[in-house]
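Examining the three-dimensional arrangement
The lines below spell out each chain.
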Amino acid sequence: MTQETTAPTAEEVAAFRANVISKLTYSIGKDPEHASDHDWFEAVALATRDRMTDEWMARTRQVYQEGKKRVYYLSLEFLIGRLLTDSLSNLGLLEVAREALAGVDVDFDRIRGLEPDAALGNGGLGRLAACFMESMATLGIAAHGYGIRYDHGLFRQAIVDGWQHEQTETWLNFGNPWEFERPEVSYLIGFGGSVAAMPGTGSNPEQSRHFWHWAEGVRAIAYDTPVVGWRGASVNTLRLWRARAEADFHLERFNAGDHIGAVAEEARAESISRVLYPADSTEAGQELRLRQEYFFVAASLQDLLRRHLEQRGTLMNLPEFAAIQLNDTHPAIAVAELMRLLVDVHDVPWRKAWELTVGTLSYTNHTLLPEALETWPVGLMERLLPRHMQIIYLINAQHLDALRERGVHDLKLLRSVSLIEEDHGRRVRMGNLAFLGSHCVNGVSALHTGLMRETVFTDLHSLYPKRISNKTNGITFRRWLYQSNPQLTRLLVEHVGEELLDAPETMLRKLDPFADQADFRARFAAQRLENKQILARMIQDRLGITVDPNALFDVHVKRIHEYKRQLLNLLHTVALYQAIRSDPGGNWVPRVKIFAGKAAASYHTAKLIIKLTNDIARTINDDPTVRGLLKVVFLPNYNVSLAERIIPAADLSEQISTAGLEASGTSNMKFALNGALTIGTLDGANVEMCEQIGADHMFIFGMTAQEVEARKQANEYNAEATIIGSPRLNEVLMAIRNGAFSADDPARYTALIDGLKWHDTFMVCADFESYWKAQLEVEARWRDADSWWRSAVFNTSRTGWFSSDRTIREYAEEIWKVL
Ligand code: 26V
């Protein structure tokens, strides 16, 4: 492997092997002679964890002694994936482990494949949290991640007869060798009940303390996973909470003979950490989700206040030593909970408590889609969190009064910045709560941040014009280049030196001149071919579809959502198919269209799009007239591990969301780093990628966010007219609508296609011709191999800015003030 400066010594290898065998024997209880591959995996993981632990403890001690400010990253999602290669590689032990195992006839690559993915997230937002944890450890920032230890992560996707089926995910079936259970670190979290003012604390609601007599207590138990940075720079903690029923409570009922009631109580309490919510589904069970949010926020805040008090003896300096980042509005109840803890529990005066709260919290927004903005019915809040609802009313009153004092009397404005929405039944707006309770609010790409200022938060922004800033997302290069693409990493190190691994943000640029060297381009292309061969084998094994590794691999992988426009790609696929059929002897560029992604279980249209992909795939792959010039593949169960295999094998990266709707995107950066060319709209971080990489080395098409908005405003967009104006599009739509790909059920796609014709909310038809032309340019460029690979090299060399180390440095300097 490239990561290690020198080959491992025999002593290192022998010592590691001894550690592994000792774990196998004494922790797992297996004789090496009879150990299964899984036993070996666990033994290696435990031995690796040991190597982190010393540094972890030293580090924790050091942070304490130096009195450093700590960062707390609160996130309902951490999409971690596998940890074995990640940890070994960051510790510089990957080769050591490989050789140590080879010595006992165990193949490292086989056992690392046995680790289940920790899929405690839905997509980009959760993966971002995982990349951030790794970058914070690399930069030596004292950070704690806080979240929920779900028994079941994101569902496993099975494809049956072309349709998605959701299966329960079971990552903990064989235990989790990375975590430390901390039964002694636990908090009791209350729900429901009533609120009483404490006697003698005054009648002014702002001055009186309250006692919350909650009705139901659920215990939060900590599970810690060490997170190691590059070259073992530092080790931080990811602390995930598990919900347990309070034993006494449940025993009382049991002893009283209410066995069923006791068990039901237990199940209700423990359901809180049972399963990850499908965040992009609108039909989610509301109450359980709110319970999850409050549960992990309350446990985390109590934990960090306890730590702070232990070390500093007072809460009055909280903002000086703690920075709490809210990952989206999911932990936004922290605003009210921190106020409650300060005022009711720690006796801090209201005004001071507010100052401390705002000074400590910051909030990141990850989407502007109106249906994705969290609001909670006031009735539900009152029932589940009565004291918090009071506090929210108080914050709101204080906020609206302050505005009136400043001379703001515009009723429309006051309504829009209120914490309570009055229009569709009374609801608490979590975005506004997070905004008001934070000293910094940020978006995740330049375009998205601009739109935040202009749309969802326009009024709050006018009142607090300095609060919103931009922090463009990034990705960790350790996982998304060094680990997932060792072939390319080796080539890069060979040309710009070992230093690349430590300073990719600057060193990658040194590749620029090599783009003009034919032999370098040839080697760049050769490593890609190798990755494509590996992927082609996987496609063959999993789906029985033969694809040619020399064909252009055109890849569209991400959650399935209408705004991400997988449908636009499918329309192009069918148009290409029809074009090839009408001229089978033509000089076509052989292509493999690769799709993967999960649809929310309740999202009917997204699931239909998966079925359509599979229907189109079957028809095209079976059609001898296209002679394999076009293949379509849908790889089931997209997850972090699959992404690590697909991305290094991609030639073309599809980032084609309706402009203005994708907040940032992060796979766009992963593809470019690995040298794929992007076909994309000017949306999210694509805009900044274009600035860094150069428009000549990407295929940008379609309407801009402004144009999309203007069309919506003018109410003049008519997809039907667009379709009439494009015979190619019309033919594609007619074929799908009339059952050309669904002979077994010819009407299957009627409503889907009619929806495009009558509504086309996501401007699929409007962008079709522009997309088609951009795809023609892709083909022209592919034919000119020198030009293609020159651009590919530039994509890798100019993506350094998208390192999550850069992103984290910006958070650390501008928001957290820890660097
Ligand atoms: C939520 C919902 C809920 C209701 C139905 C529609 C819908 C659609 C999307 C979402 C996602 C919410 C938050 C999220 O995951 N945002 C993603 O965050 C990434 C990291 O910042 C960013 O790269 C993606 O562009 C953004 O979609």
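Reference entry: report on the structure contained in this document. Since the model is a prediction, treat every value here as computed from it, not as a measurement.

Take the overall build of the protein next. If you tally the helices and strands in the protein, you get 34 helices and 24 strands. Computed over the C-alpha atoms, the radius of gyration of the protein is 27 Å, within 12% of the 28 Å expected from 2.2 N^0.38 for a compact globule of 819 residues. Principal-axis analysis of the C-alpha atoms places the extent of the protein at approximately 90 × 75 × 60 Å. Burial status across the protein gives 62% buried among its 819 residues. Contacts spanning at least 24 positions in sequence make up 77% of the contacts within the protein whose residues lie at least 6 apart. Here the protein contributes 88 positive and 106 negative side-chain charges, whose respective centroids are spaced 1 Å apart.

Further remarks concern the pattern of salt bridges. In total, this model carries 61 salt bridges according to the counting rule given. Salt-bridge contacts for Lys471 lead to Glu814; the nearest nitrogen and oxygen are separated by 2.8 Å. Of the two residues, Lys471 is situated in the loop between strand E18 (468-470) and helix H19 (477-483) and Glu814 in helix H34 (residues 804-816); the sequence distance between them amounts to 343 residues. We classify Glu814 as partly exposed; its relative accessible area is 42%. Salt-bridge contacts for Asp745 lead to Arg748; the nearest nitrogen and oxygen are separated by 3.7 Å. On the basis of relative accessible area, Arg748 is assigned to the buried category, the value being 13%. In the salt-bridge network here, residues are joined through shared partners; they are Asp161, Lys611, Asp615, Arg618, Asp744, Asp745 and Arg748.

We now examine the sheet that holds strand E21 (residues 630-634). Pairing is parallel across the open sheet formed by 6 strands, whose spatial order is E21-E20-E19-E22-E23-E24. At either end of the open sheet lies a strand with only one pairing partner, and these are E21 and strand E24 (699-700). On the sheet, helix H22 (residues 518-543) packs against strand E19 (552-557), strand E20 (591-596) and E21 and is oriented at approximately 70° with respect to E21.

A word on the environment of Ser234. Inspection of the secondary structure puts Ser234 in the loop between strand E10 (216-228) and strand E11 (235-245). Distance from Ser234 to Ile141, taken between C-alpha atoms, is 8.2 Å for residues 93 residues apart in sequence. Among all residues touching Ser234, those that are not within four sequence positions of it are Arg59, Met136, Ala137, Gly140, Val227, Val228 and Gly229.

How each quantity is defined
- Residues numbered from 1 in each chain as written.
- Predicted model: local features only at pLDDT ≥ 70, side-chain atom pairs only at ≥ 80, totals over all residues.
- Heavy atoms only, no water.
- Helix = DSSP H or I, 4+ residues; strand = E, 2+ residues; numbered from the N terminus.
- Rg over C-alpha atoms; globule rule 2.2 N^0.38 Å.
- Buried < 20%, exposed > 50% of the residue type's maximum accessible area, 1.4 Å probe, protein only.
- Contact = heavy atoms within 4.5 Å.
- Lys, Arg positive; Asp, Glu negative; His and termini not counted.
- Charge placed at Lys NZ, Arg CZ, Asp CG, Glu CD.
- Salt bridge = Lys/Arg side-chain N within 4 Å of Asp/Glu carboxyl O.
- Pairing = 2+ DSSP bridges.
- Axes fitted to C-alpha atoms, helices over the stretch in contact; angles between N-to-C directions.

That's the geometry; what it means functionally is another story.
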